[in-house]
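# Breakdown of the fold
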Amino acid sequence: MAQAASPAAKYAPHPYIGGRTAALRALAAWRMRWPGAPRVVVVTGSPGSGRSRLVAGFLMLCDPEYRKRLPLDELDPATVPPDLPAPAVPDPRGRTAAQVLWLLADHLGLAAARTEDIFTELAAREEPVTIVVPDVDLAGPVRPANEPARLIRDVLTPLAATPTVHLLADVPRELAAGLAGAAPGGQVQIIDLDEPEWADPEGLVLHAETALTPETGAPDLPYTTDPAARRALAGALARRADGSRLTVHLAVRSLFALPAPGDVDPADASQHPATVGEVLDLHARRLGAEPRTLRQMLAPLAFAEGDGLPVELWRPLASAVAGHDMGPAIAEGMLLAAPFIEPVERAEPLGPGEGAAADGSGDGSAGDSGGRTLLRLAHPALAAEIRSGLADARDAQTRIAMALLEAVPRQNWSLADPYVRDYLAAHTLDAGLLPQLLTDPGLFAHADPVALRAAVEAVPPDQLGAPAHTYLRTAPLLTRSEAPVEMRAALLESAFVEDGLQPYADALHGLGFALPWRTLWSLPLAGVVSLTAATLPPQGGEGEGEGDGGQGDGTARPVAALVVPAGTPGARPLPDSDTTALLLHDLLRPGYLDADPVQVRRPSEDERAATPYGISRGADYLRVWARESGDVVTALLSDSPFRDADLSPEGVLLVATERGVTARQILAPAAAPAPAPTPERAEAPLPAPAPEAGPEVTPTLPAQATGTAPAVDAASQDRPQGLEGDHS
């Protein structure tokens with residue numbers, strides 16, 4: 001940041017950027033759409049070159065409200081775009097490519113239901129649309145999944161190829177050429193901040209001088225209070241850094257962290273680092289420490305995910321990487337690490353298990369509240385430098401992953417630290433160990449579905465086992481619904497039964513979840529026209545000897561009566577219909593039945609009204625509600641459109657979707673609490689596009705995926721209330 005103009009400058013520098021006049025002029029020309037100006041601008045440069053700062057400063061000039069706070073009359077007029085409506089700025093930080101695209105579609109009010117329709121709708125607009133995408137290198141919930149490349153491929157490249165889109169993107173150098181090639185020749189411009197045309201050595205000197213000025217927070221030192229000494233030191237730092245604003249920034253922070261700063265000779269090049277790595281090593285030597293010790297201290301932070309590493313995990317992970325106890329080095333080395341670390345205070349309600357102590361004590365209830373301190377490195381390029389300096393980065397990541405796994409109390413994910421729970425998959429992905437982790441249904445349920453899905457999707461499909469494939473199939477539903485942990489467990493339980501993975505479904509029932517249902521069976525039967533929960537008469541009664549009848553105890557047998565396309569194997573023709581047939585299945589357990597359709601008794605309207613539950617549904621969600629109170633008992637979401645649903649007097653929910661038929665025993669008789677307010681869409685994970693209809697399916701008799709019928713009815717089970725509420 002700069003405070004005043006250089007004596008030789010006619011205009012004041014941008015107060016946030018402190019220079020970059022040539023680049024700002026080019027960006028202003030792009031914004032004004034001058035004749036001959038490019039339609040697509042790609043800002044790039046080496047890590048730490050200041051491209052994010054440039055784009056952020058330019059956006060200040062494009063925002064009608066923020067412009068009012070800037071001294072526009074003092075700036076170079078060629079760097080100030082006209083007062084136009086603010087461009088669309090989808091923030092990619094921490095988001096997937098799909099989330100960024102749907103965030104953009106939502107902001108622009110597009111009616112598209114599929115990703116490809118977004119680009120088609122943009123291309124059909126009469127007026128051009130201006131889009132700015134900053135910080136592409138920070139895209140993605142987890143670093144090892146390489147989401148920036150996917151964002152370039154799936155979002156920015158199609159946008160650049162759309163004639164009605166005027167695009168500005170801040171892109172890492174290794175991805176810049178590919179994006180630039182998406183636009184026709186003459187419509188794209190690359191602003192590489194390391195190239196002489198765009199480099200700004202005087203601006204870097206001004207940047208350094210401002211950082212050394214007491215009025216901007218610098219301590220009173222001989223080389224900060226004396227303007228001549230300050231200018232000389234700023235020039236020396238800028239020349240040595242060769243265009244890297246990050247190197248200058250860290251070098252100044254290093255000087256301020258010294259216990260006795262003393263004088264710094266601007267003419268002594270050995271006192272001024274040329275790279276980020278040299279800043280680390282020079283700082284360690286100034287404090288009498290080994291550079292290797294500093295790098296070992298910072299190594300866990302270089303691999304940290306999300307907003308940063310919980311301070312409680314710093315010591316054990318540093319010790320794991322170093323191979324010996326780093327506790328004393330961390331305790332005594334805060335001055336050593338301070339210039340390179342930023343604390344992040346997070347104060348928010350804790351989720352299930354987050355209130356538990358490390359030994360597993362405490363109830364970990366969601367009602368607890370608390371805060372924690374996270375630690376992160378000052379810049380992603382600093383993290384990249386530390387990782388690149390390790391003898392074996394994968395081995396270091398493996399050590400971190402194993403230490404995180406050992407930190408889970410009794411391997412109970414409900415007691416795990418939230419960071420471990422949500423980001424262990426990212427660490428194991430980077431270590432090449434993720435497929436071995438993807439067999440634990442408890443992790444599937446407890447981990448943040450956005451982060452876990454991103455990590456699992458980065459693994460080649462042929463390396464994933466069946467449980468991981470089931471998770472990937474279900475993950476869009478988990479992220480779209482923002483379902484809390486017990487509803488995630490319930491949706492996964494049904495998915496495991498649907499995919500024939502009964503042991504995984506059973507395991508979820510044994511992990512302490514108060515699930516709202518138990519999935520009894522599932523049929524991959526496409527094309528179901530309708531279904532009904534019905535009964536067959538008792539054995540020995542009317543119809544005896546004609547196939548399967550009622551139960552041996554003389555009571556009627558509950559069945560699922562499925563109206564299916566004619567010709568479905570095992571189905572009996574329906575009277576007065578040439579196109580449909582009736583397929584019968586036991587309601588409470590796996591098994592097809594064979595009986596004359598005339599034996600099937602459907603409940604009357606009065607009988608339905610006497611049942612404890614009712615259902616209502618939309619296109620892809622269904623609510624079960626208590627008739628007496630009218631309260632919602634539970635809600636079911638589907639990643640496939642509903643075809644029909646029914647609820648038996650026994651509380652068995654039958655659902656037919658495009659995928660098949662599933663029977664769930666409702667286990668949540670109590671009324672549901674009101675769902676939490678939905679966050680603003682800009683802050684929440686964005687919805688995936690609606691699924692598309694599949695091809696026409698030839699009717700076949702499917703193999704059955706089976707569940708376990710409950711030993712007792714739901715009303716007699718002394719269970720906590722299940723997770724309910726509408727999470728559509």
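Being a predicted model, the structure only gives us computed values, none of them experimental. (Residues numbered from 1 in each chain as written. Predicted model: local features only at pLDDT ≥ 70, side-chain atom pairs only at ≥ 80, totals over all residues. Heavy atoms only, no water.)

### With respect to the sheet that holds strand β2 (residues 129-133)
Applied cut-off: Strand pairing is assigned whenever DSSP identifies at least 2 bridges connecting the two strands. By the criteria applied, helices consist of DSSP H or I runs no shorter than four residues and strands consist of E runs no shorter than two, each listed in order from the N terminus. Working convention: axes come from line fits to C-alpha atoms, limited for helices to the stretch in contact. Angles between N-to-C directions cover 0 to 180 degrees. Contacts are assigned to residue pairs that have any heavy atoms within 4.5 Å of one another.
Spatial strand order, β2-β3-β1-β4: four strands in an open sheet with parallel pairing. The sheet terminates laterally at β2 and β4 (188-192), the two strands that pair on one side only. Each adjacent strand pair in this sheet contributes to an overall mean axis angle of 10°, direction not counted. In this structure, β2 lies alongside strand β3 (residues 165-170), joined through five bridges in parallel fashion. Bridging across to β3, Val 133 finds its partner in Ala 169. Sitting on the sheet, helix α5 (residues 147-160) touches β1 (40-44), β2 and β3, and the angle it makes with β3 is about 135°.

### A short note on the sheet that holds strand β15 (residues 621-626)
Strand order across the open sheet formed by three strands is β14-β15-β16, with antiparallel pairing between neighbours. Of all the strands in the sheet, the pair left with one neighbour each is β14 (613-617) and β16 (632-637). Strand-to-strand twist in this sheet, taken as the mean axis angle between neighbours without regard to direction, amounts to 20°. Here β15 pairs with β16 via five bridges, running antiparallel. Within the sheet, the bridge partner assigned to Arg 623 lies in β16 and is Ala 635.

### A closer look at the packing of aromatic side chains
As a reminder of what qualifies: Two rings from Phe, Tyr or Trp (for Trp, the six-membered ring) form a pair when their centres sit within 6.5 Å of each other. Planes less than 30 degrees apart are called stacked, planes more than 60 degrees apart edge-to-face, and all others tilted. Exposure is judged per residue with a 1.4 Å probe applied to protein chains only, and the accessible area is read against the type maximum: over 50% gives exposed, under 20% gives buried, and values in between give partly exposed. In our convention, an over-ring charge means Lys NZ or Arg CZ found within 6 Å of a ring centre and within 35 degrees of that ring's normal.
In the structure shown here, the tally under the stated rule is five aromatic pairs. Between Phe 496 and Tyr 504, the aromatic rings sit 5.5 Å apart at their centres with planes inclined by 35°, giving tilted as the arrangement. Note on Phe 496: relative accessible area 0%, which makes it buried. You can call Tyr 504 partly exposed: its relative accessible area is 22%. Pairwise contacts between aromatic rings join Phe 444, Tyr 471, Phe 496 and Tyr 504 into one cluster. For the cation-ring pair, Arg 53 lies above Tyr 16, with the distance from its terminal atom to the ring centre recorded as 4.1 Å. When the ring centre of Trp 517 is taken as reference, the NZ or CZ atom of Arg 664 above it lies at 5.4 Å.

### Remarks on the pattern of salt bridges
Going by this rule: When a carboxyl oxygen of Asp or Glu lies within 4 Å of a side-chain nitrogen of Lys or Arg, that pair is called a salt bridge.
Enumeration over the complete set of coordinates arrives at 38 salt bridges. Here the salt bridges share partners, and the residues they tie into one network are Arg 473, Glu 498, Asp 499 and Arg 664.

### So, unusual backbone geometry
The phi dihedral of Asn 146 is positive, around 55°, even though this residue is not glycine. Classification of Asn 146 as partly exposed rests on a relative accessible area of 45%. Its identity is not glycine, yet Asp 576 carries a phi of approximately 60°, on the positive side. In this structure, Asp 576 sits in the loop between β11 (572-573) and β12 (580-586). Judged by its relative accessible area of 86%, Asp 576 is exposed.

### Remarks on empty space enclosed by the protein
Counted only if it meets this: Grid points spaced at 1 Å over the protein atoms alone were grouped into cavities, where a 1.4 Å probe fits but cannot get out, and pockets, open sets with protein on both sides within 12 Å along at least five of seven lines, with lining residues defined by an atom within 4 Å of a point. Grid points are joined across faces, edges and corners, and a volume is the space filled by probe spheres set on the points. When residue character is reported, Ala, Val, Leu, Ile, Met, Phe, Trp, Tyr, Cys and Pro are called nonpolar, Asp, Glu, Lys and Arg charged, and the others, Gly included, polar.
Scanning all chains against the criterion turns up one cavity of 30 Å³ or more. Considered as a void within the structure, the largest cavity measures approximately 30 Å³ in volume. Considering the residues around the largest cavity, the lining is formed by Gly 570, Arg 572, Leu 582, Leu 584, Leu 593, Asp 594 and Ala 595. Looking at the lining of the largest cavity, its residues break down into four nonpolar, one polar and two charged.

### Remarks on the environment of Leu 536
Mapped onto the fold, Leu 536 is located in strand β9 (residues 530-536). Sequence spacing of Leu 536 and Gln 599 is 63 residues, and the spatial spacing of their C-alpha atoms is 6.0 Å.

### Some details on the side chain of Thr 611
Note the threshold: Each polar contact in these results corresponds to two N or O atoms within 3.5 Å; when the atoms are within protein, one needs to be able to donate a hydrogen and the other to accept it, and residues that are neighboring in sequence are counted only if both atoms are side-chain atoms.
Along the chain, Thr 611 turns up in the loop between α25 (605-609) and β14. Residue class for Thr 611 comes out buried when judged on its relative accessible area of 10%. A distance of 3.1 Å separates a polar side-chain atom of Thr 611 from the backbone oxygen of Tyr 613. Setting aside anything within four residues of it in sequence, one finds Thr 611 in contact with Arg 627 and Pro 649.

### Overview of the nonpolar core
This is how it is decided: Put simply, a nonpolar core is a bunch of buried Ala, Val, Leu, Ile, Met, Phe, Trp, Tyr and Cys residues held in one set by side-chain atoms that sit within 4.5 Å of each other.
Formed by 99 residues in total, the largest nonpolar core has its most connected members in Leu 298, Trp 314 and Leu 377. Of the residues forming this core, the biggest block, eight residues, is contributed by helix α23 (residues 485-498). With residues near it in sequence (within four places) discarded, Leu 377 still touches Leu 298, Leu 301, Ala 302, Phe 340, Ile 341, Glu 342, Leu 382, Ala 383 and Ile 386. By size, the runner-up hydrophobic cluster in this structure holds 34 residues, among which are Leu 108, Val 129, Val 133 and Leu 156.

### As for the environment of Glu 406
Mapping Glu 406 onto the fold places it in helix α17 (residues 393-406). Distance in space between the C-alpha atoms of Glu 406 and Val 420 is 9.9 Å, their sequence separation being 14 residues.

### Let's talk about the confidence of the model for the protein chain
Filter applied, for reference: One number per residue, pLDDT, summarises how confident the predictor is, and it ranges from 0 to 100.
Put simply, the protein chain has an average pLDDT of 86, and 85% of its residues get 70 or more. Here strand β20 (residues 705-706) stands out as the element of the protein chain with the lowest mean pLDDT, 46, in contrast to helix α12 (residues 291-302), whose mean of 98 is the highest. Below pLDDT 50 for its whole length, residues 670-728 participates in 130 contacts with residues either more than four positions away or in separate chains.

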